[in-house]
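# Inside the fold
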Amino acid sequence: MKRALFPGSFDPITLGHYDIINRGVNLFDEIVVAIGVNAQKDYMFSLDQRKKFIEEAFANQPKVKVITYEGLTIDVCKKIDAGFILRGLRNPADFEFEKAIAHTNRKLSKIETVFLLTASRTSYISSSIVRDVIRNGGDFTVLVPDSVKV
């Protein structure tokens, strides 16, 4: 089975994440969306809310599972037998950052990282932009799946 882990904080999940996951299910037998927990980060949405947003967004997609984790992403990959890490790239800065992580992960394990370019219609969306729109009372619904509720 080709299983890929799609890690992130998903605070909240965006239409960019949604697009990458939907396209990833055509490449892999299973996509495990892994919500990372970082005690040093101040999240807008609770872990339970973030998990619920993703589960509801993919309720009709049996190839998508959602988990939470702490620690190294490669340790989670080993634990769930995922041979791949799936990542989306929006811009050159994302590429440089993700490339360094991918090289490190491959040095520490045999896990390959697969990059998908975000769709042009979602390439400008980031969770931090969504949070800023929410904080300022803007219409965030055009940036996230319908499952994201404030």
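Calculation rules
Residues numbered from 1 in each chain as written. Predicted model: local features only at pLDDT ≥ 70, side-chain atom pairs only at ≥ 80, totals over all residues. Heavy atoms only, no water. UniProt positions renumbered as here; feature names shortened; annotations may be inferred. Helix = DSSP H or I, 4+ residues; strand = E, 2+ residues; numbered from the N terminus. Expected span 1.5 Å × (residues − 1). Buried < 20%, exposed > 50% of the residue type's maximum accessible area, 1.4 Å probe, protein only. Arc of directions from axis to C-beta. Contact = heavy atoms within 4.5 Å. Polar contact = N/O pair within 3.5 Å; in protein donor to acceptor, adjacent residues only side chain to side chain. Phe/Tyr/Trp six-rings, centres within 6.5 Å; stacked < 30°, edge-to-face > 60°. Lys NZ or Arg CZ within 6 Å of the ring centre and 35° of its normal. Pairing = 2+ DSSP bridges. Right-handed = clockwise from strand over helix to strand, strands pointing away.

Where an unreviewed UniProt entry is consulted, the protein appears under the name Phosphopantetheine adenylyltransferase, with the organism given as Planktosalinus lacus. Its UniProt record, at the heading Subcellular location (unreviewed entry), says of the protein: "Cytoplasm". Quoted verbatim from the Subunit (unreviewed entry) heading of the UniProt record, the comment on the protein is "Homohexamer."

## Some remarks on helix α4 (residues 92-108)
Look at α4: 24 Å from first C-alpha to last across 17 residues, which is about the 24 Å you get at 1.5 Å a residue. Every buried residue belonging to α4 is among D94, E98, A102 and N105, and all of these are buried. Seen from one end, α4 has its buried residues packed into an arc of 65°, which puts them on one side. Exposed side chains of α4 directed beyond 90 degrees from the buried face belong to P92, A93, F97 and K107. Contacts made by the buried residues of α4 are with α3 (73-80), β4 (84-89) and β5 (112-117).

## Topic: the environment of M44
Assignment of secondary structure puts M44 in the loop between β2 (30-36) and α2 (47-57). Here the alpha-carbon distance between M44 and I134, two residues 90 residues apart in the chain, equals 9.8 Å. Apart from residues no more than four positions distant in its own chain, M44 is found in contact with D11, R131, I134 and R135.

## Comments concerning the UniProt feature "binding site: substrate" (unreviewed entry) in the protein
When the UniProt feature table is mapped onto this chain numbering, "binding site: substrate" (unreviewed entry) sits at S9, K41, T73 and R87. Of note, S9 is situated in the loop between β1 (3-8) and α1 (15-24). What S9 contacts, discounting residues up to four positions off in sequence, is I35, G36, K41, Y43 and R50. In this structure the side chain of S9 is engaged in a polar contact, spanning 3.3 Å, whose partner is the side chain of K41. Relative to the helices and strands, K41 is located in the loop between β2 and α2. Of the residues examined, K41 reaches a relative accessible area of 43% and is grouped as partly exposed.

## Points about the packing of aromatic side chains
For the structure on display, the rule yields 5 aromatic pairs. Arranged with centres 5.2 Å apart and planes meeting at 80°, the rings of F45 and F53 form a pair that is edge-to-face. Of the two residues, F45 and F53, neither departs from the other in class, the shared state being buried. Sitting above the plane of the Y43 ring, R50 keeps its charged end 3.9 Å from the centroid.

## What to know about the pairing of β4
The side chains of a regular strand alternate, first on one face of the sheet and then on the other. Summarising burial for β4: 5 of the 6 residues are buried, a large majority. In the sheet, β1 pairs with β4 via 2 bridges, with the strands oriented parallel. Each bridged residue has a counterpart across the sheet, and for A4 the counterpart in β4 is F84. For β4 and β5, the ladder comprises 6 bridges, and the chain directions are parallel. Considered in β5, the bridge of L86 is made with V114. Tracing the backbone out of β4, into α4 and back to the parallel element β5 gives a crossover that is right-handed.

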